[in-house]
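# Observations on chain architecture
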Amino acid sequence: MNRVFTQYIAVLIMIFPIAGQAQTEKKLFKRGLERMSANNFTLAEIDFSMVLQLNPENEIAYYNRGFCRLRTADYPGAVEDFTHTIERDNNNYEAFYNRGNALKSIGDDIKERENLESARRVYLQALEDLNFAIAHEKKEPRYYRARAQIK
């Protein structure tokens, strides 16, 4: 689904409440998880955004929305959400891992435009995140694999 169209629908839903819109934070969160399980990351992102409108302190909603953004290639948005998660819980090593992956993708995009020095700086940030995650979760092979891809 076109991202602009999806954002348009999200805005309409927020501006013009529909019948049944009085869903609770918990119901929206659950629906977001169900949509994530069905690999419908665009609609899940909208659900988690609505959860965050109701409760901006919901760190798990930030993490999940960041994951959805990562899967839909909104890498700057993913970095923002994972950073928000890390600021609230710097023991969330999955947030470091996923932020590292989002930064790697940003670096790849920059590198494609032949701006190698900027890409290098972003890759170094990604490596910092992955090194932190590895230092605390030494047996997680995904962390090592992601770090190797950057190197």
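See the structure shown above.
This section reports on the structure supplied with the text. (Residues numbered from 1 in each chain as written. Predicted model: local features only at pLDDT ≥ 70, side-chain atom pairs only at ≥ 80, totals over all residues. Heavy atoms only, no water.)

## Overview of the environment of V79
Checked against the element boundaries, V79 lands in helix α5 (residues 75-88). For V79, a relative accessible area of 17% puts it in the buried group. Considered as a pair, V79 and A95 are 16 residues apart in the sequence and their alpha carbons are 9.2 Å apart. Discounting residues that sit within four places of it in the chain, V79 has contacts with R99, A102, L103 and I106. (Helix = DSSP H or I, 4+ residues; strand = E, 2+ residues; numbered from the N terminus. Buried < 20%, exposed > 50% of the residue type's maximum accessible area, 1.4 Å probe, protein only. Contact = heavy atoms within 4.5 Å.)

## Quick word on the packing of helix α2 (residues 25-37) against helix α3 (residues 41-54)
Running from N to C, α2 and α3 point in directions that differ by 160°, and their axes come no closer than 8 Å. For the element pair α2 / α3, the angle class is roughly antiparallel. At the point where α2 passes α3, the crossing takes the left-handed sense. Contacts between α2 and α3 involve E25, L28, F29, R31, G32, L33, R35 and M36 from the first element and F41, L43, A44, D47, F48, M50, V51 and L54 from the second. (Axes fitted to C-alpha atoms, helices over the stretch in contact; angles between N-to-C directions. Parallel < 35°, antiparallel > 145°, perpendicular 65-115°, else oblique. Left-handed = near helix turned anticlockwise from the far one by under 90°.)

## Brief notes about the packing of aromatic side chains
In the structure shown here, the tally under the stated rule is six aromatic pairs. Pairing F29 with F48 gives two aromatic rings, centres 5.4 Å apart and planes at 70°, and the pair type is edge-to-face. Of the two residues, F29 sits in helix α2 while F48 sits in helix α3, which places them 19 residues apart along the sequence. Its relative accessible area of 18% is what places F29 among the buried residues. Under the relative-accessibility criterion, F48 is labelled buried at 0%. The structure contains a cluster of three or more aromatic residues connected by ring pairs, namely Y93, F96 and F132. The ring of Y97 carries the charged tip of R142 above its face, separated from the ring centre by 4.7 Å. (Phe/Tyr/Trp six-rings, centres within 6.5 Å; stacked < 30°, edge-to-face > 60°. Lys NZ or Arg CZ within 6 Å of the ring centre and 35° of its normal.)

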